[in-house]
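The chain contents come next:
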Amino acid sequence: MKPLGEEENQRLGTLLLNTLARETRLWRAPVLKNGCIQGSDISPLQYHEVIVWLHEMSSVFQFSSETFALGACVLNSLLATVKTPLKYLKCMAITSLILAAKINEEDEVIASVKDLLEQSRCNFSTAEILRMERVILDKLHWDLYIATPMDFIHIFHGLLMSGHPQLMLAGSQKRPCLQASLWTRQVQHCMACHQLWQFKGSILALAIITLELERLTPDWFSVFTDLLRKAQIESTEFICCKEMVDEYLTGLERSLPTNAAYVLDASSMLAFRGHDTREEDGEQNGKTSTERGPRQMTSMTVSGTFMMKMCP
């Protein structure tokens, strides 16, 4: 009988190969030409703004991070496939998110299109969204199961947990879920950067994870090369992506003032307090919620945008 760790590694290896095959078949990225997305009048800044807005809408609708990532990938595939005037960009973005929710979310989570539009305060009618849905499905041949960076974050995290469990206890972070949560936030930031859309989700996810491995262990290179081999990624392209991700995330951290003001809406605070209470009941280290407060708040939304301060 095979050890459980070996069986889990084999299962994750098969899942990785299947996800890489989906990525090869379906992944598309827009191309910049003369300062705009090719075939459109959409600038990189306008693209960044709509991805940030899409993340905000995903939070308002209480969708998962996987749904946001798929919505952004569907939008990218569409921008890479059809000529898109700027006036249709927001409609395409919200429709891509709604389609992603139909794939990823439970039925009880998804409100009607009319209710979603009311929550988002969009000036689109239900008929316009339904027409856009048909356009997207037609142009993408009804195949929206695009492999996203979030898919690879989960797979790589699982491979690290099963193959290198000692890394999960390195440093001051003792809970593995905190690492995955940090990587998720970093992926969401990077998906709004036009310089990083040229890299596939597998490369982007591995670059983010490798940056943390460098901080966690002096033996990071052997762990990294194992993941690189399993993901079948070219080292030259990976190095380029890693350098750009490091520069981009470092710039985001530096852009936040030392005494940043955190503006929380009531629903976020209530949900967060509920989570904090559960943690406090389960921990025996005697820490108060006041002591944990500063670290927890670093992951909350800043001034209504999705600019989030990275946890150390």
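On a predicted model such as this, the values are computed, not experimentally measured, just so you know.

Caption draft 1: Focus on helix H2 (residues 44-60). Between its first and last C-alpha atoms H2 spans 24 Å; for 17 residues at 1.5 Å apiece the expected length is 24 Å, and the two agree. One or two residues past the end of H2 sits Gln 62, with phi positive at roughly 60°.

Caption draft 2: Fine view of the packing of helix H3 (residues 65-81) against helix H7 (residues 149-163). Where H3 contacts H7, the two axes come as close as 8 Å, and the packing angle between them is 135°. In this view, H3 runs oblique relative to H7, as classed from their interaxial angle. Between H3 and H7, the residues in contact are Ser 65, Glu 66, Ala 69 and Cys 73 and Pro 149, Met 150 and His 154, respectively.

Caption draft 3: How the structure looks around the packing of H2 against H3. Two numbers describe how H2 lies on H3: the axes approach to 10 Å, and their chain directions differ by 145°. The handedness of the crossing between H2 and H3 comes out as right-handed. Note on element contacts: H3 touches H2 through Phe 68, Gly 71, Ala 72, Leu 75, Asn 76 and Leu 79, opposite Tyr 47, Val 50, Ile 51, Leu 54, His 55 and Ser 58. Each residue belonging to the contact of H2 with H3 can be placed in one class, and the counts come to 8 nonpolar, 4 polar and no charged.

Caption draft 4: Spotlight on the packing of aromatic side chains. Summed over all chains, the structure comprises 7 aromatic pairs. With a centroid separation of 5.9 Å and an interplanar angle of 40°, the aromatic rings of Trp 220 and Phe 224 are classed as tilted. Here Trp 220 and its partner Phe 224 are both found in helix H10 (residues 220-231), 4 residues apart, which amounts to about one turn of the helix. By relative accessible area, which is 23% here, Trp 220 ends up partly exposed. Relative to Phe 224, the ring of Phe 221 lies with its centre 5.7 Å away and its plane at 55°, an arrangement referred to as tilted. Of this pair, Phe 221 and Phe 224 are both found in helix H10, 3 residues apart, which corresponds to roughly one turn of the helix. Judged by relative accessible area, which is 7%, Phe 224 ranks as buried. By way of ring pairs, the aromatic residues Trp 220, Phe 221, Phe 224 and Phe 238 are connected into one cluster. We note Lys 90 situated over the ring of Trp 53; from NZ or CZ to the ring centre the distance is 4.6 Å.

Basis of the calculations
Residues numbered from 1 in each chain as written. Predicted model: local features only at pLDDT ≥ 70, side-chain atom pairs only at ≥ 80, totals over all residues. Heavy atoms only, no water. Helix = DSSP H or I, 4+ residues; strand = E, 2+ residues; numbered from the N terminus. Expected span 1.5 Å × (residues − 1). Axes fitted to C-alpha atoms, helices over the stretch in contact; angles between N-to-C directions. Parallel < 35°, antiparallel > 145°, perpendicular 65-115°, else oblique. Contact = heavy atoms within 4.5 Å. Left-handed = near helix turned anticlockwise from the far one by under 90°. Nonpolar A, V, L, I, M, F, W, Y, C, P; charged D, E, K, R; others polar. Phe/Tyr/Trp six-rings, centres within 6.5 Å; stacked < 30°, edge-to-face > 60°. Buried < 20%, exposed > 50% of the residue type's maximum accessible area, 1.4 Å probe, protein only. Lys NZ or Arg CZ within 6 Å of the ring centre and 35° of its normal.

Any link to function would need more than the numbers given here.
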